[in-house]
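# Close look at the chain arrangement
Residue strings, one per chain:
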Amino acid sequence: MCIVTPRVSLQYTGLAMFKPIFERMEGKFIPSGSASAFTGVCTGIMQAITLVTPLELIKIRQQTDINRFKYHGMFSTIALIVKEEGITALYKGLVPTIFRQSWGLAVKFTGFALFLDLFRMQSNDNLKPHHFVASGFLSNVLVGILNSPPDVVKTRMQDQSASYKSSWDCVKIMMKYEGPLSLFKGSLLRIIRIAPGGGIQFATFEYLYRLLENKV
């Protein structure tokens, strides 16, 4: 809950804030149709640096604390990590987290825009709530597949038992000993987890955005 709420808030803040800027730049400074991708990249960087990296680290430490019972709550986990490893340990895996968030949101925002355009053409520009749900769902299916490698690397890097020197070292070792498909471990479970969320998030965002826009 502590991860998802601020992360999603930042995600749609970035969408509302960056997309109009990049839309004005299309055809002049960036290729036409690329505003969604650039919006995703900027939003992902903002998310990773401000909140996602430390919160994901805490979550992963608690989830991988098997039979040790070392971490007992969010604040005690933070205190223990800082005490044993220093405050910079909260930003372990920052580079793969930035890549995961940026690439993932670029895919997500671009996919959503493309799927919504398809539904717009089919419905003669008469979009219904289920069109937003379906577009969000399908865009997150793409994210679950295409964004799996940086997510796996990020998780490996943030595990306390990890002995990788860097993100690239992690990739090389995985490729050497586990094969390329190891970078896609858990993809199906990620799709099952995030696809429904994408449908709910985009539909809710569009509804509330239009509601508030009409009241201002």
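Our subject is the structure listed above.
A short tour of the structure in this document, coming up. (Residues numbered from 1 in each chain as written. Predicted model: local features only at pLDDT ≥ 70, side-chain atom pairs only at ≥ 80, totals over all residues. Heavy atoms only, no water.)

## Observations regarding the side chain of D151
The condition is simple: Secondary structure elements follow DSSP: runs of H or I of four or more residues count as helices, runs of E of two or more count as strands, with numbering from the N terminus. Any N or O atom pair separated by 3.5 Å or less is treated as a polar contact, with the protein-specific requirement of one donor-capable and one acceptor-capable atom, and with residues adjacent in sequence counted only for side-chain atom pairs. Working rule for contacts: check all heavy atoms of both residues, and any pair within 4.5 Å makes them a contact.
With respect to the helices and strands, D151 occurs in helix α6 (residues 148–158). A polar side-chain atom of D151 sits 3.3 Å from a polar atom in the side chain of R190. Other than its neighbours up to four places away in sequence, D151 contacts R100 and R190.

## Observations concerning the environment of T77
The following threshold applies: With a 1.4 Å probe rolled over the protein chains alone, any residue whose accessible area is under 20% of its type maximum counts as buried; one over 50% counts as exposed, and the rest are partly exposed.
Mapped onto the fold, T77 is located in helix α3 (residues 74–85). When its relative accessible area of 0% is taken as the criterion, T77 is described as buried. Along the chain, T77 and S102 lie 25 residues apart, while their C-alpha atoms are 27 Å from each other. For T77, the residues in contact, after removing those within four places along its chain, are I58, R61, Q62, Y71 and H72. At 2.5 Å, the side chain of T77 forms a polar contact with the backbone oxygen of G73.

## Things to note about the nonpolar core
Counted only if it meets this: Here, nonpolar core refers to any group of buried Ala, Val, Leu, Ile, Met, Phe, Trp, Tyr and Cys residues whose side-chain atoms link them within 4.5 Å. Either an automatic procedure or a domain database provided the assignment from which the domain bounds are taken.
By size, the foremost hydrophobic cluster in this structure holds 13 residues, and its most contacted members are Y12, L15, F132 and F202. Among the elements of the structure, α1 (4–25), α4 (94–122) and α8 (187–215) are those that each provide at least two residues to this core. At five residues, α4 tops the list of elements feeding residues into this core. Among the domains, domain 1 (1–92) and domain 2 (107–215) are the pair contributing at least three residues each to this core. In this structure, V152, M157, C170 and M174 belong to the second largest nonpolar core, which totals seven residues.

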